[in-house]
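As a plain string of letters, each chain reads:
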Amino acid sequence: MGGKSIFSALFSKMVGKAPVVAERASPQGERAGVATLVQSRQTALQAAQAEEDWKGAARAAVELSNIWLLTGDWQPLVALVAQADDWLRRHEDPLTRIYLHSRLAVVRHRQGDLAESHRLFQEAERWQSERQTAYAWLIGLPGSSYCDLLLEQARGQGDWERVLHRSQYSQKVVKNQFALAMDCLMQGRALAGLQQSEAARVALQQGVVLMRRANRRLYLPELLLQQGHFLRRVGEVEMARAVWEEAWQMAQEESLRPCLVDCQLLAGHLALDEGEAGAAEAALQAAEAEISALQYGQRQGEAALLRARVWQRQGREQAAAKQSQVAREEMNARQQWGVLALWEGEMGAQGA
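Residues numbered from 1 in each chain as written. Predicted model: local features only at pLDDT ≥ 70, side-chain atom pairs only at ≥ 80, totals over all residues. Heavy atoms only, no water.

Visitor: Quick one: what's the story with the overall build of the chain, residue by residue and with numbers?
Guide: On a plain count of helices and strands, the chain comes out with 19 helices and zero strands. Residues classed as buried in the chain amount to 54% of the 352 residues present. Considering only residue pairs separated by 6 or more positions, the chain has 66% of its internal contacts joining residues 24 or more positions apart. Of the roughly 15,300 Å² that the chain leaves accessible, carbon and sulfur atoms contribute 49%. (Helix = DSSP H or I, 4+ residues; strand = E, 2+ residues; numbered from the N terminus. Buried < 20%, exposed > 50% of the residue type's maximum accessible area, 1.4 Å probe, protein only. Contact = heavy atoms within 4.5 Å. Areas by Shrake-Rupley, 256 points an atom, 1.4 Å probe, with all protein chains shown as cover.)

Below is the structure:
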């Protein structure tokens, strides 16, 4: 009971019933860490431009694009990639070009255009092959980003296995703990899709441990949330709540807006598990508003599925069933077969 009351208190803050409102009125303080990173990267980029160091400018664009992906500044990122393409025409740097192309692919994924994202990733991987980089597949962060897309598009066992093989290949090649942590995350998710729960648990936990060692704080909430979803699905609600809390606090401190949406969606499911339909509704409304503001199309289907659960808990059985069907159709249209497959058992069991 104590755990539930702690979660309820934190959740009240999340939906704006406590001092979080005052904190959000001061975004500069809230985003101090990220703002400093952005400023330093922009300064480096401007200095490289002034010196006509086009390769240096493009590499600074890589670092800035990684931050903007996390903060939800996707339109400036698209413009930056286009500008970097011009710089790379003056001084070609194949690996930087491939990396930036993968960042554009991630933007399209976040916006819900999985088909275009897949095309862009395939194009980046083809460029890599043509330039004989010695790598068969994308590795590191571009590789794990591609795996993230492929996991959403998985339609059967063979697709989950292919992601597992990709992440294992990258793991053999990359040398730093950050990249290894992302590979473990993808392995854990693929293993969960293959219903190998114990192996998935180990891989996800290893990813979190490695990310802590790498001290890449901005990426840790993503790993924690994926771990939280897994723990919730296998019935370990207390642990799911604990990792949700840590992810939420970090995402809020750094104003990682897409991650805050993901936190709200997981919180909605956790609240429903506890019978708190009102809290779940509040979390869903907050998530839906931010999905619209960010144009975060990747999460629209998941929000619709949460809406179906909320309505079912409220006794609106017919509306819940219709909403669930609409969500399934939308996710099929977006090619989010893998995401849908993970929800099918739960939603089917609830009759929504």
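We are not done yet, so read on.
Visitor: How would you explain the side chain of S144 if you had to name every residue and give the values?
Guide: Along the chain, S144 turns up in helix 9 (residues 140-152). Overall, S144 belongs to the buried group, its relative accessible area being 1%.

Visitor: Go over the state of the cysteines, please, and point to the residues and values.
Guide: If you walk through the whole model with that rule in mind, you get zero disulfides. C263 takes part in no disulfide bond, and the closest cysteine sulfur, belonging to C259, lies 4.5 Å away. Using a relative accessible area of 0% as the deciding quantity, one classes C263 as buried. (Disulfide = S-S within 2.5 Å.)

Visitor: Account for the pattern of salt bridges, naming residues and giving values.
Guide: Applying the stated criterion across every chain, the model contains 29 salt bridges. Residue R119 pairs with E116 through a salt bridge whose shortest N-O separation is 2.8 Å. With R119 and E116 both in helix 8 (residues 114-130) and three residues apart, this pair spans about one turn of that helix. Put simply, R307 and E281 hold a salt bridge, and the shortest N to O gap is 2.8 Å. Here E281 lies in helix 16 (residues 277-294) and R307 lies in helix 17 (residues 300-313), a separation of 26 residues in the sequence. Judged by its relative accessible area of 16%, E281 is buried. Several salt bridges share partner residues, and in doing so they unite E116, R119, E123, R126 and E130 into one network. (Salt bridge = Lys/Arg side-chain N within 4 Å of Asp/Glu carboxyl O.)

Visitor: Provide a residue-level description of the confidence of the model for the chain, including the pertinent values.
Guide: A residue-level look at the chain finds 88% of positions with pLDDT of 70 or above and a mean pLDDT of 88. In the model, residues 17-32 has pLDDT below 50 throughout and makes 19 contacts with residues more than four positions away in sequence or in other chains. (pLDDT = per-residue confidence, 0-100.)

Visitor: Lay out the nonpolar core in plain terms, naming residues and giving numbers.
Guide: Proteins that are soluble and globular tend to have nonpolar side chains buried together. With 104 residues, the main nonpolar core has W87, M182, M211 and W244 as its most contacted residues. Counting residues per element, this core draws most heavily on helix 5 (residues 54-71), at eleven residues. When residues no more than four places from it in sequence are discounted, the contact partners of M182 are L141, S144, M211, E222 and L223. The next biggest cluster of nonpolar side chains, apart from the first, holds seven residues, and it includes A304, A327, M331 and L340. (Core = buried A, V, L, I, M, F, W, Y, C linked by side-chain atoms within 4.5 Å.)

Visitor: Can you explain the environment of D159? Please cite residues and give values.
Guide: As for its placement among the helices and strands, D159 is situated in helix 10 (residues 157-173). Spatially, the C-alpha atom of D159 lies 9.5 Å from that of G193, the residues being 34 residues apart in sequence. With residues near it in sequence (within four places) discarded, D159 still touches Q153 and A154.

Visitor: An account of the packing of aromatic side chains is requested, with residue identities and associated values reported.
Guide: Tallying each qualifying case throughout the model produces five aromatic pairs. On the basis of an interplanar angle of 15 degrees and a centroid distance of 4.8 Å, the ring pair of F121 and Y146 is categorised as stacked. Here F121, found in helix 8, pairs with Y146, found in helix 9; they are 25 residues apart in sequence, far enough to count as distant. The pair F121 / Y146 is uniform in exposure class, with both members buried. Seen from their ring centres, W244 and W248 are 6.4 Å apart, and the 5 degrees between their planes marks the pair as stacked. With a gap of four residues between them, W244 and W248 both fall in helix 14 (residues 237-254), about one helical turn apart. Like W248, W244 is buried. Taking the ring centre of W337 as reference, the NZ or CZ of R155 above it sits at 3.9 Å. Across from the ring centre of F178, 3.9 Å away, lies the NZ or CZ of R216, which sits over that ring. (Phe/Tyr/Trp six-rings, centres within 6.5 Å; stacked < 30°, edge-to-face > 60°. Lys NZ or Arg CZ within 6 Å of the ring centre and 35° of its normal.)

Visitor: How would you sum up the packing of helix 8 against helix 9? Please name residues and give values.
Guide: Interaxial distance between helix 8 and helix 9 falls to 11 Å at its minimum, and their mutual angle equals 145 degrees. Classified by chirality, the crossing of helix 9 by helix 8 is left-handed. Counting all contacts with helix 8, which are made through L114, S117, H118, F121, Q122 and E125, the residues of helix 9 involved are P142, S145, Y146, L149, L150 and E152. Here the residues of the contact of helix 8 with helix 9 sort into six nonpolar, four polar and two charged. (Axes fitted to C-alpha atoms, helices over the stretch in contact; angles between N-to-C directions. Left-handed = near helix turned anticlockwise from the far one by under 90°. Nonpolar A, V, L, I, M, F, W, Y, C, P; charged D, E, K, R; others polar.)

Visitor: Report on helix 7 (residues 94-110), specifying residues and quantitative values.
Guide: When the terminal C-alpha atoms of helix 7 are compared, their 25 Å separation across 17 residues agrees well with the 24 Å that a helix rising 1.5 Å per residue should span. The buried fraction of helix 7 amounts to 14 of the 17 residues, a majority that puts the element mostly inside the structure. In the stretch just after helix 7, G112 is the one whose phi turns positive, near 95 degrees. (Expected span 1.5 Å × (residues − 1).)

Visitor: Residues and numbers for unusual backbone geometry, please.
Guide: Of note in the backbone geometry, E52 takes a positive phi value of approximately 55 degrees without being a glycine. Topologically, E52 is positioned in the loop between helix 4 (32-50) and helix 5. If you check the backbone angles, Q335 has positive phi at about 70 degrees while not being a glycine. Its place among the elements puts Q335 in the loop between helix 18 (317-333) and helix 19 (337-350). Of the residues examined, Q335 reaches a relative accessible area of 24% and is grouped as partly exposed.

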